[in-house]
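Coordinates in review
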Amino acid sequence: MNRELSLGASYLGANRYQFWVWAPFAEKVEVHMSHPQDRILALRSAGRGYHHEVFEGITPGTLYRYRLDGIQERPDPASRFQPHGVHGPSQVVDTRFPWDDHTWHGIPLEDYIIYELHVGLFTAEGTFEAVIPFLDELKDLGVTAIEVMPIAQFPGERNWGYDGAYPFAVQNSYGGPEGLKRLVNASHHRGLAVVLDVVYNHMGQEGNYLADFGHYFTDRYVTPCGPAINFDGPHSDDVRRFFIQNALYWITEFHMDALRIDAVHAIMDFSARPFLEEMASAVHQRAHELNRQAYLIAENALNDTRLVRSRERGGYALDAQWNDDFHHALHSLLTGEQTGYYQDFGESQHLVKAFREGFVYSGQYSKYRQRSCRASAVDT
């Protein structure tokens, strides 16, 4: 994961940018820059489907697409900014930012009291910077961490965020990368940690051109959200690199304190060393290098304690996982709802067990799943 192989367009200073793209489906890759001037620059092959080059005289804000084999033009899979949306050109950015949170090292995970925040709906403006005036109020409520719902570039201006097509590109309508950095910096000044919701189990369909570049997806598995991501088949090393670099990008470039990983039970991966374990190792190593706390929190519907077990005990060594059992037990008890997964809940003993053990279902038969939930709630 060295800087030399940093995917996307990396700013090197003095109007110099380094481009790296994984495009094994193309023999020749060029960068077609369309603004402020129109020009086409060739990348060099680096083997295993990678293409790269360093160019000078490129000003921040320059728009570009990759041209594949002289025919097809596509935005950068690792684009840092999509100012004109998912179908528009990518934009090179100046990553410099006047961070002044240097004394911030994070807070212990057990002190996290998380407020889940949708940037597009939290304020009338729907931007990162518009959230900042409300941070003190959130802190007064007892919140110690804000969780920003997914902000990887998605179609349109307002969206739930789970159909992002560009994992590295901060949503343009929310304020782009600089707006997000301002929010994180201001949060740390107030002693608030920032969690970012990321989606690695699928990608949005509109504006998603990764399949034109390489083996990002596989037809060996079926998901309800579209093609499964190739985490364990041929060429999966390079797909893993893409997503692990994405996790490191948020921790390093944006000073994120934690990543909440969406629906890990939908990540289809039967490799000997699962992607989640490899990512956890990389993120924890980077946090150590930065002298900061950085946590990985998995959303998981299977009550699988392997996610948070140590590697020495056969686990993936993630730091925590979302526990929906408490929510479902409380919701069903208060409302009487018995549809869908709520049919497994509704008794006071369910809420008691959630308080005492965490999981309500830790081996019992689930009417909703029509099978036993076999993970042990106490083997953590």
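Residues numbered from 1 in each chain as written. Predicted model: local features only at pLDDT ≥ 70, side-chain atom pairs only at ≥ 80, totals over all residues. Heavy atoms only, no water.

1. Regarding a nonpolar patch on the surface
Taken together, F326, L330, L334 and F355 make up a surface patch of nonpolar side chains, about 420 Å² in accessible area. The leading source of residues in the nonpolar patch is helix α7 (residues 324-335), at three residues. By the element assignment, L330 lies in helix α7. (Patch = residues over 30% accessible without salt bridge, like charges linked within 9 Å, V, L, I, M, F, W, Y side chains within 5 Å. Areas by Shrake-Rupley, 256 points an atom, 1.4 Å probe, with all protein chains shown as cover. Salt bridge = Lys/Arg side-chain N within 4 Å of Asp/Glu carboxyl O. Helix = DSSP H or I, 4+ residues; strand = E, 2+ residues; numbered from the N terminus.)

2. A closer look at empty space enclosed by the protein
What the rule picks out here adds up to one cavity of 30 Å³ or more. Taken as a whole, the largest cavity encloses approximately 150 Å³ of empty space. Taken together, 19 residues line the largest cavity, and the ones lying closest to its centre are A152, G164, P167, V198 and V199. Where the lining of the largest cavity is concerned, the elements lending two or more residues are β13 (166-170), β14 (193-198) and α5 (236-253). By residue class, the composition of the lining of the largest cavity is 13 nonpolar, five polar and one charged. (1 Å grid on protein atoms, 1.4 Å probe; cavity = no way out; pocket = protein on both sides within 12 Å on 5 of 7 lines; lining within 4 Å. Points joined across faces, edges and corners; volume = space filled by probe spheres on them. Nonpolar A, V, L, I, M, F, W, Y, C, P; charged D, E, K, R; others polar.)

3. Describing the nonpolar core
Of all hydrophobic cores here, the largest spans 83 residues; its most connected members are F19, Y66, Y200, W250 and M279. The element contributing the most residues to this core is α5, with nine residues. Core analysis: the second largest hydrophobic core is formed by ten residues, Y112, V195, Y295 and I297 among them. (Core = buried A, V, L, I, M, F, W, Y, C linked by side-chain atoms within 4.5 Å. Buried < 20%, exposed > 50% of the residue type's maximum accessible area, 1.4 Å probe, protein only.)

4. A look at the sheet that holds strand β1 (residues 8-13)
Pairing within the open sheet is antiparallel, and its four strands lie in the order β1-β2-β6-β5. The two strands at the open ends of the sheet, each matched to only one other strand, are β1 and β5 (44-47). With direction set aside, neighbouring strand axes in the sheet form an average angle of 25°. When β1 meets strand β2 (residues 16-22), the two strands line up antiparallel, connected through five bridges. When the sheet's bridge partners are listed, A9 is paired in β2 with F19. (Pairing = 2+ DSSP bridges. Axes fitted to C-alpha atoms, helices over the stretch in contact; angles between N-to-C directions.)

5. Side note on the layout of surface pockets
Approximately 990 Å³ is the volume found for the largest pocket. The greatest single-element share of the lining of the largest pocket, amounting to five residues, is contributed by α7. For the lining of the largest pocket, the class distribution of residues is 15 nonpolar, nine polar and eight charged.

6. Details of the sheet that holds strand β19 (residues 320-322)
Read from one edge of the open sheet, six strands run β10-β11-β14-β17-β18-β19, paired in parallel fashion. On the outer flanks of this sheet lie β10 (114-117) and β19, each paired with one strand and no other. On average, each strand axis in the sheet is inclined to that of its neighbour by 25°, with strand direction left out of account. Across four bridges, the pairing between strand β11 (residues 145-148) and β14 is parallel. Bridging from a neighbouring strand, A145 pairs with A193 of β14.

7. Some points on the pattern of salt bridges
A pair can form between side chains of opposite charge whenever their charged atoms are brought close. The final tally for this structure, using the stated rule, is 21 salt bridges. Linking E53 and R44 is a salt bridge whose minimum nitrogen-to-oxygen distance equals 2.8 Å. Given the relative accessible area of 46%, R44 is considered partly exposed. For E278, the salt bridge goes to R240, with nearest N and O atoms at 2.7 Å. Pair noted here: E278 is in helix α6 (residues 275-290) and R240 is in helix α5, with a separation of 38 residues, a long-range link. Sharing partners across several salt bridges, the network here consists of D197, R260, D262 and E299.

8. Focus on the pairing of β14
Counting buried residues along β14, six of its six residues qualify, which places the element largely inside the surrounding structure. Where β14 and strand β17 (residues 258-261) come together, four bridges link them in parallel fashion. By the bridge assignment for β17, D197 is matched with R260.

9. Examining the environment of L183
Here L183 shows up in helix α4 (residues 176-189). Along the chain, L183 and E125 lie 58 residues apart, while their C-alpha atoms are 14 Å from each other. Sequence-distant contacts of L183, defined by excluding residues within four places in its chain, comprise F128, V131, I132, L135, I146 and V148. (Contact = heavy atoms within 4.5 Å.)

10. Section: the packing of aromatic side chains
Evaluation of the coordinates by the stated rule reveals 31 aromatic pairs. On the basis of an interplanar angle of 75° and a centroid distance of 5.2 Å, the ring pair of W22 and Y216 is categorised as edge-to-face. In this pair, W22 sits in strand β2 while Y216 sits in the loop between β14 and β15 (217-223), placing the two residues 194 residues apart along the sequence. This pair shows no difference in class: W22 is buried, exactly as Y216 is. Summarising the aromatic geometry, the rings of F345 and Y361 are spaced 5.5 Å apart at their centres and angled 80° between planes, so their arrangement reads as edge-to-face. In this pair, F345 sits in the loop between α7 and α8 (348-357) while Y361 sits in the loop between α8 and β20 (365-366), placing the two residues 16 residues apart along the sequence. Lying over the aromatic face of Y249, R80 brings its terminal NZ or CZ to 4.6 Å of the ring centre. (Phe/Tyr/Trp six-rings, centres within 6.5 Å; stacked < 30°, edge-to-face > 60°. Lys NZ or Arg CZ within 6 Å of the ring centre and 35° of its normal.)

11. Examining α6
In this model α6 runs 22 Å from its N-terminal to its C-terminal C-alpha over 16 residues, within 8% of the 22 Å that 1.5 Å per residue would give. When we look at burial in α6, the residues that qualify are F275, L276, E277, M279, A280, A282, V283, R286 and A287. (Expected span 1.5 Å × (residues − 1).)

12. Quick look at the confidence of the model for the protein chain
In this model, the protein chain carries a mean pLDDT of 94, and residues with pLDDT of at least 70 account for 97%. A low-confidence stretch, residues 376-380 (pLDDT under 50), is modelled with eleven contacts involving residues beyond four sequence positions or located in other chains. (pLDDT = per-residue confidence, 0-100.)

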